[in-house]
Amino acid sequence: MGKGKEQFTPLDSYIMLDLETTGLKPDESEILEIGMIKVIDRKAVATFQAFVKPEGPIPPFITNLTGITREMTADAEPAEQVLFWAAQFMEDLPVLAYNAGFDLAFLKGMHPAWQDVLALARGMWPKQKSHSLAAMSALIGARQGTHRALADCVAAMDVYECAKSRCRRENRDFSKVYRAGKWKRAKIKS
């Protein structure tokens, strides 16, 4: 799979992805856990979860945040093997993630198309003080993520499907809502 293009239309079939990593910089950090949910026609049909055996240490902050320990990853396969399995699971479906830029940077372009659930959340609920996954899950009464890959996928999928449904219900243009959320992020950063 090669690096794909960002999608600006609502998707009913996709892969919801979340990674847990040893840090924030893809060139200096490693993937610890991959979680994915395969959604076909708005129905979750399969899940994928795997630990990745890191070459370096797991920082104490990451263990405290995620609960992932060296013992949990000791028998895991190396990143190359787990990423091969992940690519097989993804097939050619678009990849969605909460703060997609972060997760996709670790995948090094192995996705055909993508969309950022965080941008959609920012566009749909622009007046919220926090657009963290936990805050958005609480706002819509959805399942909460736990800084574990598969649980965060479930929470992100709930936020995505709620935002899509709300767009339809309110007769709002998904593309405009999504782009507004991307613009809000850019405006905050500058």
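To keep things clear, this report deals only with the structure shown in the data block. Everything quoted here is computed from the prediction, not taken from an experiment.

This paragraph deals with the overall build of the chain. For the chain, the count of helices and strands is 8 helices and 6 strands. On C-alpha atoms alone, the chain measures out to a radius of gyration of 16 Å, which is about the 16 Å that the 2.2 N^0.38 rule sets for 190 residues. Projected onto its principal axes, the C-alpha coordinates of the chain cover approximately 50 × 35 × 30 Å. Expressed as a percentage of its 190 residues, the buried residues of the chain come to 48%. When contacts within the chain are restricted to residue pairs at least 6 apart in sequence, those whose partners lie at least 24 apart make up 63%. Split by element, the accessible area of the chain, about 9,700 Å² in all, is 54% carbon and sulfur. Of the side chains in the chain, 26 bear a positive and 23 a negative charge, and the two mean positions are spaced by 11 Å.

Take Pro26: it is sitting in the loop between strand S2 (14–21) and strand S3 (31–40). The exposure class assigned to Pro26 is partly exposed, which follows from its relative accessible area of 25%. Along the primary structure Pro26 and Leu104 are separated by 78 residues, whereas in three dimensions their C-alpha atoms are 9.5 Å apart. Setting aside its immediate chain neighbours within four residues, Pro26 contacts Ala105, Phe106 and Lys108.

Among the nonpolar cores identified, the biggest contains 51 residues, and Met16, Ile34, Met36, Tyr98 and Tyr160 are the most heavily contacted of them. Leu32, Ile58, Ile62 and Ala76 belong to the second largest nonpolar core, which has 6 residues in total.

For the rest of this paragraph, the subject is helix H4 (residues 100–107). The set of residues buried in H4 consists of Ala100, Asp103, Leu104, Phe106 and Leu107. Considered in projection along H4, the buried side chains sweep an arc of 155° and stay on one side of the axis. Turning to H4, the residues buried within the fold contact S2, S3, helix H3 (79–90), strand S5 (95–97) and strand S6 (113–116).

An order of S1-S6-S5-S2-S3-S4 is seen for the 6 strands of this open sheet, with the pairing classed as mixed. Each edge of the open sheet carries a strand with a single partner, namely strand S1 (5–6) and strand S4 (43–51). Pairing geometry for S2 and S5, over 3 bridges, is parallel. Note that in S5 the partner of Met16 across the bridge is Leu96. In the packing of helix H5 (residues 117–124) onto the sheet, contacts are made with S2, S5 and S6, and the angle to S6 comes to roughly 40°. Of the strands in this sheet, S2, S3, S4, S5 and S6 touch helix H7 (residues 149–169), which is tilted by about 140° from S2.

Let us now look at the packing of H5 against H7. Contact geometry of H5 with H7 gives a least axis separation of 10 Å together with a crossing angle of 45°. Judged by the inter-axis angle, H5 sits oblique to H7. Judged by the twist between their axes, the crossing of H5 over H7 is left-handed. Contact residues: H5 offers Val117, Leu120, Ala121 and Met124, while H7 offers Ala156, Val159, Tyr160, Ala163, Arg166 and Cys167. Grouping the constituent residues of the contact of H5 with H7 by class yields 9 nonpolar, no polar and 1 charged.

What counts, and at which threshold
Residues numbered from 1 in each chain as written. Predicted model: local features only at pLDDT ≥ 70, side-chain atom pairs only at ≥ 80, totals over all residues. Heavy atoms only, no water. Helix = DSSP H or I, 4+ residues; strand = E, 2+ residues; numbered from the N terminus. Rg over C-alpha atoms; globule rule 2.2 N^0.38 Å. Buried < 20%, exposed > 50% of the residue type's maximum accessible area, 1.4 Å probe, protein only. Contact = heavy atoms within 4.5 Å. Areas by Shrake-Rupley, 256 points an atom, 1.4 Å probe, with all protein chains shown as cover. Lys, Arg positive; Asp, Glu negative; His and termini not counted. Charge placed at Lys NZ, Arg CZ, Asp CG, Glu CD. Core = buried A, V, L, I, M, F, W, Y, C linked by side-chain atoms within 4.5 Å. Arc of directions from axis to C-beta. Pairing = 2+ DSSP bridges. Axes fitted to C-alpha atoms, helices over the stretch in contact; angles between N-to-C directions. Parallel < 35°, antiparallel > 145°, perpendicular 65-115°, else oblique. Left-handed = near helix turned anticlockwise from the far one by under 90°. Nonpolar A, V, L, I, M, F, W, Y, C, P; charged D, E, K, R; others polar.

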